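Coordinates in review
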Amino acid sequence: MMQPTANCPNCGAKIAFRWSGSVQTVCDFCKSILIRTDLDLQKVGQVADLPSSSSPIQIGTEGIFGKHSFSVIGRIIYAYDEGNWNEWHFVTNDGTSGWLSDAQLVYAVTFAAGAQNLPRECKVGQQYTWNNQTYIVSTITKAYYRGVEGELPFEYWDKSDVEFVDLMSQTEKFATIDYSDDPPLLFLGETVEFESLKLKNLRTFEGWL
Amino acid sequence: MSAGGPTPAGAPQVGSLNCPGCGASMTVRSFGNAVTIVCESCHSVLDAQDPKLRILQQFHAATSEDPPLIPLGSRGSIRGVLYEVIGFQRRTIEVEGISYSWHEYVLFNPAKGFRYLTEYDGHWNDVSILRALPDVSAGGTTLKYLGETYRHFQTADAATAYVLGEFPWQVRVGEIARVSDFVSPPRVISCEGSDKEVTWSIGEYLAGRDIWKAFKLQGDPPVPNGIYENQPSPMSSNVKGVWTLTAMYLILLLSLAVGVYLMESDEQVFEQTFEFNSSGGGEASFVTDVFQLKGRTSDVELTTNAGVDNDWIYLNYALINQDTGNAYDFGREVSYYHGYDSDGSWSEGKTTNTVTIPSVPAGNYYLRIEPESDPNRGLIRYSVTVKRDVPQASFFGLAVLALLVPAGLVTWRSLNFEHLRWAESDYASPPGGSLLNSVESLADAFKSSGEDE
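What counts, and at which threshold
Residues numbered from 1 in each chain as written. Chains lettered and ligands numbered in written order. Predicted model: local features only at pLDDT ≥ 70, side-chain atom pairs only at ≥ 80, totals over all residues. Helix = DSSP H or I, 4+ residues; strand = E, 2+ residues; numbered from the N terminus. Buried ≥ 20, exposed ≤ 12 C-beta atoms within 10 Å, placed from the backbone. Contact = placed C-beta atoms within 7 Å. Expected span 1.5 Å × (residues − 1). Bend = angle between axes of the 7 residues up to and from the residue. Pairing = 2+ DSSP bridges. Axes fitted to C-alpha atoms, helices over the stretch in contact; angles between N-to-C directions. Nonpolar A, V, L, I, M, F, W, Y, C, P; charged D, E, K, R; others polar. Domains from an automatic or database assignment. Core = buried A, V, L, I, M, F, W, Y, C linked by C-beta atoms within 7 Å.

**Some details on the overall build of chain B**
- Helices and strands together make up the secondary structure of chain B, namely four helices and 26 strands.
- Out of the 453 residues belonging to chain B, those deemed buried represent 27%.
- Of the contacts made within chain B by residues no fewer than 6 positions apart, 62% connect residues no fewer than 24 positions apart.

Right, dumping it as structure tokens:
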């Protein structure tokens, strides 16, 4: 894997990319949101104070999903009625970019799926079939963008309100439609038990082992 | 360098805050995962996501009104994972004008997330959120999950009546949710729905004493009252056990019967044909030649074959041991009648009669026979056959019946348990309502307990 490096156009700190496919990163020091262009890094924004995180996952957490090990390199934070949730961006050892979502300690691993004629609007209980798997709309969430950290596979910094549709299945297969972009994005994957990911480099919690 | 170095990955700490309602100090146990937190002193429902703990609701209740049996802050292991009790609520449903209440405990682990314990009248369930959707039948009376069939038990509107501590959702006193339960003891799958979200959860019946042990609680858990919707029937495992045992005994009995049958010599020791002149008058009794009964003490089978045709003969027998004088006295009648009437041909009785004399020791024996019949019926010819050591199937038949009694009893009691369970449901008996259904659910219990092994 390439480890391209550059300097932050804002504060001059060294910026190391953990993944060659990263399009956006955040300077660890000055919290500038930086976009990679062909030539250099361009500052497009600034991360405000992030909400205090209650996730046991952090940038640098490593785990195993299926046959691949992965490491967490970034995240997007959303807020909704029930608090915050994190979409942790990870890359696998074969260079695939994926997402580990942690919504109040309910975990799911998903990967971007190609354009699939996504519905404009959904209702709870509606059924959709992608890749021969039937999914049922279980939750529609109005959320708003709360912040970013680390490396992301696309530009993501000027969002406000976003709608997410979560779909479950009769197996553990799980799908999310992200309406923050046009056309919307589909992510397919599965809900996972915390233990099954065999995570390392987790945060520790006071009073808990 | 404005923001002082890389993001600190410090250890989140248990928070301590003051309630904006009453100023009491509050412990925040879920590291920012809680959505609402309820002050234990003044019962203000607070927005846990707001740094200023905005008051969302206040409800009136004496703190002593409903103390949690497992105090907030208690820790215990459920299926190998350590959890802390962080929230507590009472929910109430109304069925036919009567209120029923149960309690829910919110359990928290900072990595594994949330889990719940519910308690109704001393019956406990360990509840977690489902990660896959159950397959609900078209009529909604059953659902399938992981190959197991659950039967709809009850649908009711549950109102939140009392809350304490932290919750990972927006909790309010007075809020109503429609809850449907589907049971397959010891499990229950529940659906809680609104038009925005449907949540499925699975519960497994737990004994109160196991919870008391896990959380190291003082005293005894409340004694369970009645039969709960997903309480495993103590009988259904017994049913399986008793039938297994019965089957084993039946096999044993059968092999015993076969063994005995092979061992019995079934030997004919005497056969002779006699004639009785009923017109003769005078003393008709006589004795036979001596024959030998060999081997161990065993039974003797005596068959009388008489040439009676619309006639009868009665024979007084005595089997006498020549050496000891011991006698076995018995009488046998052989009668056979037949003819025609308006209904066609008829017959009654038969020309043979067999009798078994049990436990006759070995020795030299003879028979004394005294025939009787109607006078002046002429000659009646009859033959007497004596067999030694004859297998007796009827004993085994009786043993089989005796064996089936406990199995039948336990099965009946189990059906009775199912009847009492379903009496509390939306149905008077399991959906479908027949005894056949109870038998079916029993068969399910059989199947699932078989799968456990």
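Picking up after the structure, the text goes on.
**A short note on helix H3 (residues 393-423) of chain B**
All names here are of chain B.
- Taking 1.5 Å of rise per residue, the 31 residues of H3 would be expected to cover 45 Å, and the 45 Å separating its terminal C-alpha atoms lies within 8% of that figure.
- Largest kink in H3: about 25°, centred on Val 405, with the proline Pro 406 one to four residues after it.
- When we look at burial in H3, the residues that qualify are Ala 407, Ser 414, Phe 417, Glu 418, Arg 421 and Trp 422.

**What about unusual backbone geometry?**
- Geometrically, the link from Asp182(A) to Pro183(A) is a cis peptide bond, its omega value of 0° lying close to zero.
- Position of Pro183(A) among the secondary structure elements: in the loop between strand E14 (173-178) and strand E15 (185-192).
- Omega for the bond connecting Pro185(B) with Pro186(B) falls within 30 degrees of zero, at 5°, which places this linkage in the cis form.
- Of note, the phi angle at Asn131(A) is positive, near 50°, even though the residue is not glycine.

**Some thoughts on the pairing of strand E7 (residues 81-95) of chain B**
Residue and element names in this part refer to chain B.
- Examined bridge by bridge, strand E6 (residues 75-78) and E7 share four bridges and lie antiparallel to one another. Bridge pairing in E7 places Arg 75 opposite Glu 84.
- A loop of two residues connects E6 with E7, the two strands running antiparallel in sequence, and Arg 79 in this loop sits at a positive phi of about 45°.
- Count of turn residues in the E7/strand E8 (residues 98-109) antiparallel hairpin: two residues, of which Glu 96 carries a positive phi of about 50°.
- Here E7 pairs with strand E13 (residues 148-167) via six bridges, running antiparallel.

**Observations concerning the pairing of strand E13 (residues 161-168) of chain A**
Residues and elements named next belong to chain A.
- The pairing of strand E12 (residues 133-150) with E13 spans eight bridges and is antiparallel. Looking at the pairing, Ile 140 lines up with Val 165 of E13.
- Pairing analysis gives five bridges linking E13 to E14, with the strands arranged antiparallel. Residue Phe 164 lies in a different strand from E14, and its bridge partner there is Asp 178.
- Remark: four residues form the turn of the hairpin made by E13 and E14, two consecutive strands paired antiparallel.

**Observations regarding the sheet that holds strand E5 (residues 41-46) of chain A**
Residue and element names in this part refer to chain A.
- Pairing in this open sheet of three strands is antiparallel, and the strands run E3-E4-E5 from one edge to the other. A strand with exactly one partner marks an edge of an open sheet, and here the two such strands are strand E3 (24-26) and E5. Neighbour to neighbour, the strand axes of the sheet diverge by 30° on average, direction disregarded.
- Sheet analysis places strand E4 (residues 32-36) next to E5, joined by five bridges and oriented antiparallel. Counterpart to Ser 32 in the pairing with E5 is Gln 46.

**Focus: the interface of chain A and chain B**
- On the side of chain B, 33 residues touch chain A, which itself brings 35 residues to the contact.
- With five residues, E12(A) is the single largest residue contributor to the side of chain A that touches chain B.
- By residue class, the composition of the side of chain A that touches chain B is 14 nonpolar, 13 polar and eight charged.

**Regarding the domain arrangement of chain A**
All names here are of chain A.
- Taken domain by domain, chain A holds domain 1 (5-46) and domain 2 (62-194).
- Just the C-alpha atoms count here: the centres of domain 1 and domain 2 sit 24 Å apart.
- Taken together, the contact pairs 13 residues of domain 1 with 14 residues of domain 2.
- For the side of domain 1 that touches domain 2, the secondary-structure elements that each account for two or more residues are E3, E4 and E5.
- For the side of domain 1 that touches domain 2, the leading source of residues is E3, giving three residues.

**Observations concerning the nonpolar core**
- Leu100(A), Leu107(B) and Ile189(B) are the most contacted members of the largest nonpolar core, which totals 87 residues.
- Of all the elements, strand E7 (residues 68-80) of chain A adds the most residues to this core, at six residues.
- Ignoring anything within four residues of it in the chain, the contact list for Leu107(B) reads Ile78(B), Tyr83(B), Glu84(B), Val85(B), Phe114(B), Arg115(B), Tyr116(B) and Leu117(B).
- Phe276(B), Leu302(B), Val308(B) and Leu367(B) belong to the second-largest nonpolar core, a separate cluster that totals 20 residues.

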